[in-house]
Amino acid sequence: MHRLLLVLTALLAVSACSVSPFRTDKAAATSPQTQASRNAGAGPVLQTPTEEIFQPDAEPVIEAPPPQIIQPTPRERPRRPAATLSPASRALVTQAEAQRKKGDLPGASVTLDRAMRIEPNNPLLWIEMGRLRMDQRNYPQAESMGRKALAMSVGDDATQSAAWELIAQSLRARGRNAEAEEALSKSRAAAPR
Amino acid sequence: MAPRKPPTGTRGRLQRGFVVLGLLLLLAGIVMLLVLNHRVTTQFEGRRWTLPARVYAQPIDLYVGQQLSAGRLVEELSRLGYLAAAEPERPGTYRRRGNDLRVHVREFRFADEFQASRALRLSFEGGSITAIRDGKGVDVPVFRLDPLLIGSIFPIHGEDRLVVSPEEVPPLLPEALKAVEDRKFDTHHGVNPLAILRALFVNVRAGQIEQGGSTLTQQLVKSYFLDSRRTLRRKAEEAVMAVILDARFEKADIMNAYINEIYLGQDGRRAVHGFGLASQFYFGKPLAELDLPEIALLVAVVRGPSYYDPRRHAERALERRNLVLRVLVEQGVVGAEEAERAASEPLGLAEPGRRGGGYYPAFLDLVRRQLRRDYEEADLTEAGLTVFSTLDPLVQQGAEDALVGELDRLDRSGRKQAKGLEGVVVVTTTQTGEVVALVGGRRSGFDGFNRALDAKRPIGSLAKPIVYLAALETGRYTPATLVDDQPVDLKLPNGDRWKPENFDKKVRGRVPMVRALSQSLNLATVNLGLDVGLGRVAQAFEQLGLPEEPPELPSMLLGATNLAPLDVAQMYNTLANGGFRAPLRAVRAVVDEEGQPLKSPQLEVSETVSPEAVYALDLMMIQVMERGTGKAAKSQLPAGLVVAGKTGTSNDYRDSWFAGFSGSHLVVAWVGHDDNRPTGLTGTTGGLAVWSKLMGSISTSPFEPLLPDALEPRWIDFYSGRETSPYCNGSAVSMPFAVGAALEPSEACPPGAVSGAVEEPAAEPGEEPVALEPEIP
């Protein structure tokens, strides 16, 4: 909320005085406002202004872009589309599932390692790895994988829900039923309707 | 003339004595025969060479959408010993026509499955793979190339080999060996008396033992059962054992044993045994793929691996190879025309350490140490294990080039202190904690002191982020919190006074944390650390992955703690991984001789530090690169590659460090002298130079951590820590705060303003502190 208000105020101010003494061509391209709106759509990646924005001796003073009206969205945090697997990692996840079914857990681990190498930032792979750790009865690691997936999927409800479900399973496997219930309710709450 | 004496008792005794002696000798002979027979049969029957564990680099995965150009892939293929061919029909060959690449991939037994050899067709566009199809035109989603063999864990006596089965031996090799070394091999009984006589004659004439008339069987016996002393007794033993061996075993078995046993070269401490390893060592490809000139060269080397060393005595080796080719024609093994063509070929040697059979001692040492947690040394050096490691040959090469390039540049800089420096580079993948490159010194092929693991040096300002992390974790501090950059005068427990100073000897008063860290201010950091508490800071070291807490001394705040580069990599990897600690691993899988999986370290993560604190720290460390001591890296890095890091310099410029990360790689670089002399370098001029050269040369992704739910970004002024607007001046930085945190607004340029005064004129140049006074014993 705060950030959006800030952006709005900035926008209004910019449109009010159409010439900003510090802004240059480059600034228009990478201005905080375009970054902010990009972030709102693409994900809460925090960007910092680069030094190129402010060049004291930059001559050409140009007009600021026309004011944009950004409607504050009803939700506080930006949403992200549900994570998906690339074709390569999907093939590997399928292969790892087949290996798990055959009871070849070390093989499945090697296969998921390969997928992780391709997409280390994909939370779905961490959830897969966590499920494998469940099969290996390594419950604390299953939970850790779930927590890692949570950290990498902020704003992605479907993935958050799957990660909480994994955490719930690992807690239940260790007899921590109350915590498991709590995790499960978080999973349900996050589940996209 | 004296009369003939009748036979006396003396003479009779003498005769009896001879008989007894004869009997005894016969008995001894029989016993010796039995003993030798026993030795030959038992040892040879269960013929098990001590098989050092083979270590492979991680295989290259190929998939649609991958950022990899056809040219780059061809480079990789030739590193693996693949050959360009008009029609890639044989495994180990390829054909490139522009953006179309056909590869005949070799078969390989991976840890999880056997992958048969197959022909693939790849299409490229704009530097990435757009299609992979098999021979029938069916899409292949993902595919592994056979991995690069990077070495083996051989025992102290240094015997290394790669055993091959008869099917893996090109038929030409045994024929050539027979033609050159032992023409009667198929018919003799282990020894060739004529050849021995001929050799004896030559030797007597020469006055010493020079030329052997040894059959292949004798050579095998000598290498397999006996030491290398050349005495007559050895010769006799050797001959007897060769006869026994020949009587009890098939010729084909003996030939195969010979091919795997014989000594063919030396690589430092490592003795190259057998044609399987020799093929990798000299040509960087499997034995089965060798052609006539290469086979002829290996056969030539048999006679004297050191005298005919093709790398050291190329002329001599070439001459003897062509002699071998002539003999092969004489003996009717190959046609004259074919041999002539082969004789005109160059030696075709693989560059050592760059291709297969290459040798990465520092990394292999790490592999060995990690495996030693689960395995006995003997299992590693003898049991024929296959180890799949995490090494990425591309990154490893980039790391070696960056280190050597920068150290050479410093050699030429004319500064006396900067001559002959040593260095270390460690590269890990941030999310999974895999060690993908490890360089232990500027001579990376040198197998000696492993600085990356054992050189424990003061980390200087690399300790600062840990102090700031400990502060952020208390919840009492934010990037905007003002800390005192004021003189410090401490009495240490041993009575010494400790009066650290800033790099430029100035004091700056109250500065926000983000600035204190970016500009690496010593006094601000010490005051902050004392405020937070040494105990908490020491604890943070352990949370990040140090096996134990460092001693709680005030000087630890400025990096008096001695750590090895790999320890630093472990700690910084946790910072790069959002507060998740992933134990660094160099091994992905281990399988036994039959291909069955064995115990190996697995990917593990544990959340040991608050994600919010790490997130805030990471954003402050981005500012180190944007406007602090790491600024110089920018020009070396591709535009848009966001990185975070920290410089480190120890007392009197003895150690120059840089540790920093992108979204996918962490790199720790250290530069210094082995004898701990001052280098005259700061973290910026040494470690950072190596770091940025490497980071700019590998394929890596920007560092873009996700904002944790509990935080929100706000603009603050870098110099005053007050909330401001990004439109006012160049000193606004976006930092994370707890949602709704109260921030003091800037007066000159409050949040929402479109323009305003710059509160402090210009960014100061990057400073780098000299860390510690007095030195900690």
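A quick note: this is a predicted structure, and the numbers were derived from the prediction, not measured. (Residues numbered from 1 in each chain as written. Chains lettered and ligands numbered in written order. Predicted model: local features only at pLDDT ≥ 70, side-chain atom pairs only at ≥ 80, totals over all residues.)

As a further point, take the packing of helix α16 (residues 464-474) of chain B against helix α21 (residues 611-627) of chain B. Residues and elements named next belong to chain B. Packing of α16 against α21 brings their axes to within 9 Å, and their N-to-C directions diverge by 140 degrees. Here α16 lies oblique to α21, going by the angle between them. Viewed along their axes, α16 and α21 form a crossing whose handedness is right-handed. Here Pro465, Tyr468, Leu469, Leu472 and Glu473 of α16 come into contact with α21, specifically with Ala613, Val614, Ala616, Leu617, Met620 and Met621. Looking at the contact of α16 with α21 residue by residue, the classes come out as 10 nonpolar, no polar and 1 charged. (Axes fitted to C-alpha atoms, helices over the stretch in contact; angles between N-to-C directions. Helix = DSSP H or I, 4+ residues; strand = E, 2+ residues; numbered from the N terminus. Parallel < 35°, antiparallel > 145°, perpendicular 65-115°, else oblique. Left-handed = near helix turned anticlockwise from the far one by under 90°. Contact = placed C-beta atoms within 7 Å. Nonpolar A, V, L, I, M, F, W, Y, C, P; charged D, E, K, R; others polar.)

The next point concerns the domain arrangement of chain B. Domain annotation for chain B reports domain 1 (59-146), domain 2 (153-343) and domain 3 (402-695). With centres defined by C-alpha atoms, the gap from domain 1 of chain B to domain 3 of chain B works out at 39 Å. (Domains from an automatic or database assignment.)

Let's shift gears to the pairing of strand β14 (residues 270-273) of chain B. All names here are of chain B. Judged from the 3 bridges that link them, strand β12 (residues 159-161) and β14 form a sheet pairing that is parallel. Directly across from Asp160, in β14, lies its bridge partner Val272. In this sheet, β14 lies alongside strand β13 (residues 263-267) in antiparallel orientation, the contact comprising 4 bridges. Bridging across to β14, Tyr263 finds its partner in His273. Hairpin connection between β13 and β14: a loop of 2 residues separates the two successive antiparallel strands, and Gly268 in this loop has a positive phi of roughly 65 degrees. (Pairing = 2+ DSSP bridges.)

Below, the discussion takes up the confidence of the model for chain B. All names here are of chain B. Mean pLDDT for chain B: 87, with 91% of residues reaching 70 or above. Model confidence for chain B, summarised as mean pLDDT per element, is weakest for helix α4 (residues 193-206) at 68 and strongest for helix α20 (residues 565-576) at 98. With pLDDT under 50 throughout, residues 354-358 is counted as low confidence; its partners more than four residues away or in other chains account for 21 contacts. Between residues 758-763, whose pLDDT stays under 50, and residues either more than four places distant or in other chains, the model counts 11 contacts. The ipTM for the predicted assembly is 0.81, set against a pTM of 0.80. (pLDDT = per-residue confidence, 0-100.)

Positive phi outside glycine occurs at Arg137 of chain A, with the angle close to 60 degrees. For Tyr653 of chain B, which is not glycine, the phi torsion reads 60 degrees and is therefore positive.

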